[in-house]
Amino acid sequence: MSGMYEKLVDILVDHFAVDRGKITPDATFEELKMDSLFLVEFLLVIQSEFDVKLDDDAATLTDTIGHVAALLEDRTKATAQ
């Protein structure tokens, strides 16, 4: 898996106390028992950590961790150019 995915896993574990064993690229936020408030906080941490701008609706509870990693990879590449 990508380095971005690994960074997201670290954020979920370190900032939000999600069990690392339950996180997979195909896991959704819903499956990880996260709610909409969690998702907003998670997106704010991501924006701060990676210095990217994300819309409030950039991810939904049914999106996977892998999807968000791919989104961030695209955003950080676009910002770097």
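Residues numbered from 1 in each chain as written. Predicted model: local features only at pLDDT ≥ 70, side-chain atom pairs only at ≥ 80, totals over all residues. Heavy atoms only, no water.

- Within an unreviewed UniProt entry, the label attached to the chain reads Acyl carrier protein, and the organism entered is Streptomyces smyrnaeus.

## Description of the overall build of the chain
Phase 1 of the analysis: Within the chain one finds three helices and zero strands.
Phase 2 of the analysis: Taken from the N to the C terminus, the helices and strands of the chain come in the order α-α-α.
Phase 3 of the analysis: Taken over the C-alpha trace, the chain has a radius of gyration of 12 Å; the compact-globule value for 81 residues is 12 Å, and the two agree within 12%.
Phase 4 of the analysis: A buried classification covers 40% of the 81 residues belonging to the chain.
Phase 5 of the analysis: Working note: accessible area of the chain is about 4,900 Å², and carbon and sulfur atoms make up 50% of it.
Phase 6 of the analysis: The chain carries 7 positive and 17 negative side-chain charges, and their two centres are separated by 3 Å. (Helix = DSSP H or I, 4+ residues; strand = E, 2+ residues; numbered from the N terminus. Rg over C-alpha atoms; globule rule 2.2 N^0.38 Å. Buried < 20%, exposed > 50% of the residue type's maximum accessible area, 1.4 Å probe, protein only. Areas by Shrake-Rupley, 256 points an atom, 1.4 Å probe, with all protein chains shown as cover. Lys, Arg positive; Asp, Glu negative; His and termini not counted. Charge placed at Lys NZ, Arg CZ, Asp CG, Glu CD.)

## Observations concerning the nonpolar core
Phase 1 of the analysis: Counting residues in hydrophobic clusters, the biggest one holds 29 residues, and the most contacted among them are L8, F42, I46 and L72.
Phase 2 of the analysis: Those elements that place two or more of their residues in this core are α1 (3-16), α2 (36-50) and α3 (65-80). (Core = buried A, V, L, I, M, F, W, Y, C linked by side-chain atoms within 4.5 Å.)

## Quick look at the packing of α1 against α2
Phase 1 of the analysis: Contact geometry of α1 with α2 gives a least axis separation of 11 Å together with a crossing angle of 120°. Viewed along their axes, α1 and α2 adopt a mutual orientation that is oblique. Seen along the crossing, α1 lies across α2 with a hand that is right-handed. On α2, the residues touching M4, K7, L8, I11, L12, H15 and F16 of α1 are F38, E41, F42, V45, I46, E49 and F50.
Phase 2 of the analysis: Class assignment for the residues of the contact of α1 with α2 results in 10 nonpolar, one polar and three charged. (Axes fitted to C-alpha atoms, helices over the stretch in contact; angles between N-to-C directions. Parallel < 35°, antiparallel > 145°, perpendicular 65-115°, else oblique. Left-handed = near helix turned anticlockwise from the far one by under 90°. Contact = heavy atoms within 4.5 Å. Nonpolar A, V, L, I, M, F, W, Y, C, P; charged D, E, K, R; others polar.)

## Comments concerning the packing of aromatic side chains
Phase 1 of the analysis: Following the criterion strictly, the structure yields five aromatic pairs and no others.
Phase 2 of the analysis: Measuring from centroid to centroid gives 6.0 Å for F16 and F42, while their planes differ by 75°, and the two rings are edge-to-face. On the criterion of sequence distance, the pair formed by F16 in helix α1 and F42 in helix α2 is long-range, its members being 26 residues apart.
Phase 3 of the analysis: A relative accessible area of 1% means that F42 is categorised as buried.
Phase 4 of the analysis: When the centroid spacing of 5.7 Å and the interplanar angle of 10° are considered together, the rings of F38 and F42 count as stacked. (Phe/Tyr/Trp six-rings, centres within 6.5 Å; stacked < 30°, edge-to-face > 60°.)

## Some remarks on α1
Phase 1 of the analysis: For α1, with 14 residues, the first-to-last C-alpha span of 19 Å sits near the 20 Å given by 1.5 Å per residue.
Phase 2 of the analysis: Every buried residue of α1 is accounted for by M4, Y5, L8, V9, I11, L12 and F16. All buried residues of α1 project into a common sector of 155° when viewed along the axis, lining one side.
Phase 3 of the analysis: Looking one or two places after α1, you find A17, whose phi comes out positive at around 55°. (Expected span 1.5 Å × (residues − 1). Arc of directions from axis to C-beta.)

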